[in-house]
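Inside the fold
Residues per chain are reported as follows:
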Amino acid sequence: MYQRTVLIVEDEFLIRMLLADTLADEGYDVVEAGNVLEAVAVLGQRKVDAVVTDVDMPGGLSGLDLAWMISSTHMDVPVIIASGGHRLSADELPNDAILSQSPTGLTLSPQKSAS
């Protein structure tokens, strides 16, 4: 049986760990990255079925930058952008990106916005 792989990109360790544990409990194979450069390395090394990323990241590249990169290089990989502090408009997001205003309200079903 194929296990879907989710890449979590979050610099806050405890949030990343909580999200990883939750998704693993739901049966997903979880790969973690603490910043955008680590995420790009993962995407270059293995197949990923979905990406969940925070907006604010260390190192000069944001989760939004990552979402735009993925939309042009891995067009079949959905991206969920989780942010409690940013109000992003649809114009700022890649076409297929999903915005969640809270990582605790994440859903992996296809929809444009989740609260």
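Below is a short write-up of the structure.

A closer look at helix 3 (residues 63-73)
- Taken as a whole, helix 3 has its buried residues at Gly-63, Leu-64, Leu-66, Ala-67 and Ile-70. The arc that holds the buried residues of helix 3, viewed along the axis, is 155°, so those residues lie on one side.
- Sitting at the amino-terminal end of helix 3 is Ser-62, which places a side-chain oxygen 3.2 Å from the backbone nitrogen of Leu-64.

What to know about the side chain of Ser-62
- Among the structural elements, Ser-62 can be located in the loop between strand 3 (50-54) and helix 3.
- Setting aside anything within four residues of it in sequence, one finds Ser-62 in contact with Val-36, Val-55 and Met-57.

Section: the packing of helix 2 (residues 36-45) against helix 3
- Running from N to C, helix 2 and helix 3 point in directions that differ by 25°, and their axes come no closer than 10 Å. In terms of orientation, helix 2 and helix 3 fall into the roughly parallel class. Between helix 2 and helix 3 lies a crossing whose hand is right-handed. Side by side, helix 2 and helix 3 meet where Val-36, Ala-39, Val-40 and Leu-43 of the first sit next to Gly-63, Leu-66, Met-69 and Ile-70 of the second.
- When its residues are assigned to classes, the contact of helix 2 with helix 3 shows 7 nonpolar, 1 polar and no charged.

With respect to the nonpolar core
- Ranked by internal contacts, the top residues of the largest apolar core, which has 22 residues, are Leu-7, Val-9, Leu-43, Val-51, Leu-66, Ile-70 and Ile-81.
- When near neighbours in sequence (up to four residues on either side) are disregarded, Leu-43 contacts Leu-7, Val-48, Val-51, Leu-66, Ile-70 and His-74.
- By size, the runner-up hydrophobic cluster in this structure holds 9 residues, among which are Ile-8, Leu-23, Ala-50 and Val-52.

Scoring rules and cut-offs
- Residues numbered from 1 in each chain as written.
- Predicted model: local features only at pLDDT ≥ 70, side-chain atom pairs only at ≥ 80, totals over all residues.
- Heavy atoms only, no water.
- Buried < 20%, exposed > 50% of the residue type's maximum accessible area, 1.4 Å probe, protein only.
- Helix = DSSP H or I, 4+ residues; strand = E, 2+ residues; numbered from the N terminus.
- Arc of directions from axis to C-beta.
- Polar contact = N/O pair within 3.5 Å; in protein donor to acceptor, adjacent residues only side chain to side chain.
- Contact = heavy atoms within 4.5 Å.
- Axes fitted to C-alpha atoms, helices over the stretch in contact; angles between N-to-C directions.
- Parallel < 35°, antiparallel > 145°, perpendicular 65-115°, else oblique.
- Left-handed = near helix turned anticlockwise from the far one by under 90°.
- Nonpolar A, V, L, I, M, F, W, Y, C, P; charged D, E, K, R; others polar.
- Core = buried A, V, L, I, M, F, W, Y, C linked by side-chain atoms within 4.5 Å.

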